[in-house]
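The primary structure of each chain is shown beneath.
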Amino acid sequence: MLSRVLVVAAFGAAGYFAASAFNTPSVAVYAPRTADAPSPAVELKLPTATESAFIDEWEQLRATHGDDNAALYAAIKDTKDAFRRRAFRSAFIAEWSMTNPQAALAYLLEKDPGNFGQLAREWLRRDPQGAVTGLLAGGDKARERLRGLLKDIAKVAPSRLVEVLGLIKPPGNRWDRSADNAFAIFAAKDPAAARAAAESITGEQRGQALAGVARAWAEKDGVAALAWAQAMPAGEARDEALRAVLAGWAKTDPSAALGKLDLAPPGGDDMQHASDAGAQVLREAAKKDWDGTIAWLRDHPGKLGRASLDGLQSEMSRRLGVDTPGTMRLFTTGVLPGLEQVFGNAVLNEGYLHRDAILNWLDGQPPGDLTSSLRGSLVSAMAWKEPEVALAFLDKLPDTPENAALIERGVMSLINGGSRMDQFEDLLEKAPSKLRLRLLETGFSYGARNVTGDPSRWIARLNEIPVERRAGATSQFASGWAGTDPEAAVQWASSLSDAAGRDRALSSIAGTWAINDPREAARWVDTLPAGAGRDDASQSLVNALAKSEPEASWTWAMSVQSPETRRASLHMAYLGLRRKDPAIAEQMLQSANLPADELKTLRENYKPGMENELFPR
């Protein structure tokens, strides 16, 4: 029975092996002999008792629902056992793709779109042309998903790629390279047909199609592919094709591709750690010939920037496992500036697998800036990937001046710029006493971000911070609290006994509040009594409003009484006004009735373009 065969196929994919003939004993099946060699025997075995039980269970489920495919599919989805559910569903989708794929398509798009891909691939495997036609006729929902099938279509029906690309929307993000990859598959089979097809495409997809052809062709004949790309009309499509030629050529002849780097514009996007032509070529060249690629870089100092060097990351990660000492010795030569950055990215990814071997090598090196930098990169990766392991490692480091920066970097990495404050409480609980203060200060430095459930515990922790650094921690905490409950933060900060610390905290609150709700923040600042506290809060308000509401920022700057704070506030507001409209800025300046010395200072402190550097558009 067809369904039985398909079920067994599904079980086979899950690790079960059986033949499509169940009612015969094991036999040896021979194919016809050829003149060159005898054909081997292929033994077909009966299903085991376990496999038979699954098949019987499937047959019972199938018989229960008869020809009602929708009811059968719903019953399969309700199957509690995950293995059975996956196996039955795979078998049924395979069978449905043979008996009535159009009905299966309509049902899955409506009821279970997550399994659209399996149906489409089964259909494409069995009837490529019919499947493409049916999928294109399946409406918007089907066409929206066709981009994920371009590689499959390229394998079984490449002649339909142009038609498909003409009917589906361009990719929604710049990282999508599905058309590129599909045409590379097409070109690997039939370069001439792929070139003609890619050249017939117009619109946004053309560049990717040409790039896919260029890359695949260059692997076989870099010189011809390069000449083809160079003959294209100037434009982004040509640039993309040139970059692809060099990347493809580097897979087979790294030296030739590296030698032609000047022919390709540096731009281009790629998902695999390479953001420009140099990085893309280096990635492929390093895989093919690591030593030759390193030698080329050594012989061409300054040819590629640091961003391009990151193309070495993947192969460096691999080589750290193959030859840790040899790879690490590259850094001691000093002939490739920027290689340390590649190492830092490598150990944040696959290179981290070789952590212990790298540490052993570092432990055998003399102390110095290089080993400190490399060790710091590894500790940062450790803190990101295995925080508890990092805590233990940092705790064992002696408290020496040489280790102070390493410990500080490791603790900072545990929080990762404040993005992992959700893990702070767990880390603080597990932190050795030696690291607790450092971790606390790091938490405060990010404004106790995302820690809003119980602010009182952070208030209590302020007493653990040394007196000379407590005002800063108080200000940082006030800023973080203001992000979720500014009124409560104001009430707490106003109760602080230290005047300087109170004013600093209130200023921080004003800055955060102004970003989130400038009008409410302005109303609050307007209630403050004249003095240093109000001036500091006003300055924070000025800084927060300078870009979005420069006129309001200028008004608040004019209200500041402290001369020094007033000058700084007016300067910031003036830059905001100039960014919006230089004419308005000059008009506001002339009508402000400012003392001559303040006008002179404002004009002298301004340099052309300063506003765009401070407030990039």
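Everything that follows concerns the structure shown earlier in this document.
Computed from a prediction, not measured in an experiment: that's the story for all the values here.

Thresholds, definitions, all that
Each chain carries its own residue numbering, running from 1 in the written order of its sequence. Under the rules for a predicted model, residues below a pLDDT of 70 receive no local features and side-chain atom pairs below 80 are neither given nor counted, while totals for whole chains, interfaces and linings still include all residues. Remark: hydrogens and water are excluded; side-chain values derive from all non-hydrogen atoms of the structure. Secondary structure elements follow DSSP: runs of H or I of four or more residues count as helices, runs of E of two or more count as strands, with numbering from the N terminus. When accessible area is computed with a 1.4 Å probe and restricted to protein chains, residues below 20% of their type maximum are described as buried, those above 50% as exposed, and intermediate ones as partly exposed. Where accessible areas are quoted, they stem from the Shrake-Rupley method and a 1.4 Å probe; at the residue level, only the protein chains shown are allowed to cover. Residue contacts are counted whenever heavy atoms from the two residues lie within 4.5 Å of one another. The span one expects for a helix is its residue count, reduced by one, times 1.5 Å. Residues adjacent in sequence count toward polar contacts only when both atoms are side-chain atoms; beyond that, a polar contact is any pair of N or O atoms within 3.5 Å, and within protein one must be able to donate a hydrogen and the other to accept it. To define a nonpolar core, start from buried Ala, Val, Leu, Ile, Met, Phe, Trp, Tyr and Cys residues and group those joined through side-chain atoms within 4.5 Å. A side-chain nitrogen of Lys or Arg and a carboxyl oxygen of Asp or Glu constitute a salt bridge if their distance falls within 4 Å. Paired rings are identified among Phe, Tyr and Trp, the last through its six-membered ring, by centres lying within 6.5 Å, and are further divided according to the angle between planes into stacked (under 30 degrees), edge-to-face (over 60) and tilted (the rest). A fitted line through C-alpha atoms serves as each axis, taken over the contacting stretch for helices, and the angle formed by two N-to-C directions is quoted from 0 to 180°. Working rule for angles: under 35 degrees goes down as roughly parallel, over 145 as roughly antiparallel, 65 to 115 as roughly perpendicular, anything else as oblique. Gly is put with the polar residues, along with every residue not named as nonpolar or charged; the nonpolar set is Ala, Val, Leu, Ile, Met, Phe, Trp, Tyr, Cys and Pro, and the charged set is Asp, Glu, Lys and Arg.

K.L.:
Before we go on, may I ask you to explain the overall build of the chain in this structure?
P.N.:
Each helix and strand in the chain was counted, giving 39 helices and 2 strands. In the chain, which comprises 617 residues, the proportion classed as buried is 46%. Total accessible area on the chain is roughly 30000 Å²; 51% of this is exposed by carbon and sulfur atoms.

K.L.:
Looking at this model, I keep getting lost on the side chain of R461. Mind explaining?
P.N.:
In this fold, R461 is placed in helix α29 (residues 455–461). Here R461 falls in the buried class, since its relative accessible area comes to 9%. Sequence-distant contacts of R461, defined by excluding residues within four places in its chain, comprise F424, E425, L428, L440 and F444.

K.L.:
Please clarify how helix α17 (residues 277–288) should be interpreted in this entry.
P.N.:
Note: α-helices contain 3.6 residues per turn, so residues at a spacing of three or four share the same orientation. Over its 12 residues, α17 runs 17 Å from end to end, which matches the ideal 16 Å to within 8%, given 1.5 Å per residue. For α17, the complete set of buried residues consists of A277, G278, A279, Q280, V281, L282, R283, E284, A285 and A286. The inward-facing, buried residues of α17 abut α15 (236–250), α16 (254–259), α18 (290–299), α19 (306–309) and α20 (313–322). N-capping of α17 is provided by D276, with a side-chain oxygen placed 3.3 Å from the backbone N of G278.

K.L.:
Is there a simple way to explain the nonpolar core in this structure?
P.N.:
Among the nonpolar cores identified, the biggest contains 169 residues, and F183, L312, I509 and W554 are the most heavily contacted of them. Take this core: its biggest share by element is 8 residues, from helix α13 (residues 206–220). Discounting residues that sit within four places of it in the chain, L312 has contacts with L282, A286, W290, T293, I294, L297, L339 and V342.

K.L.:
Looking at this structure, I do not really get the pattern of salt bridges. What am I missing?
P.N.:
Here the idea is simple: oppositely charged side chains can pair when their charged atoms come close. Enumeration over the complete set of coordinates arrives at 35 salt bridges. A salt bridge links R62 to E95; its shortest N-O distance comes to 3.0 Å. Of this pair, R62 sits in helix α2 (residues 49–65) while E95 sits in helix α4 (residues 82–99), placing them 33 residues apart in sequence. E468 serves as the salt-bridge partner of R469, at 3.8 Å between the closest nitrogen and oxygen. Its relative accessible area of 64% is what places E468 among the exposed residues. One connected set of salt bridges, linked through shared partners, spans R177, D180, R215 and E240.

K.L.:
Any chance you could explain the packing of aromatic side chains here in plain terms?
P.N.:
What characterises a pair of aromatic rings is the spacing of the ring centres plus the angle enclosed by the ring planes. What the rule picks out here adds up to 17 aromatic pairs. For the pair W217 and W228, a centre-to-centre distance of 5.6 Å together with 55 degrees between the ring planes defines the contact as tilted. On the criterion of sequence distance, the pair formed by W217 in helix α13 and W228 in helix α14 (residues 222–230) is long-range, its members being 11 residues apart. Residue W217 shares its accessibility class with W228, and that shared class is buried. What links up through ring pairs into an aromatic cluster is the set F424, F444, W458, F477, W481 and W492.

K.L.:
Is there a simple way to explain the packing of helix α28 (residues 433–445) against helix α30 (residues 467–482) in this structure?
P.N.:
Angle between the axes and distance between the axes: these two values describe a pair of packed helices. It is the contact of α28 with α30, at a shortest axis distance of 8 Å, that shows an interaxial angle of 45 degrees. By the angle between their axes, α28 is oblique relative to α30. Across from L437, E441, F444 and S445 in α28, the residues of α30 making contact are R469, A473, Q476 and F477. Tallied by class, residues from the contact of α28 with α30 come to 4 nonpolar, 2 polar and 2 charged.

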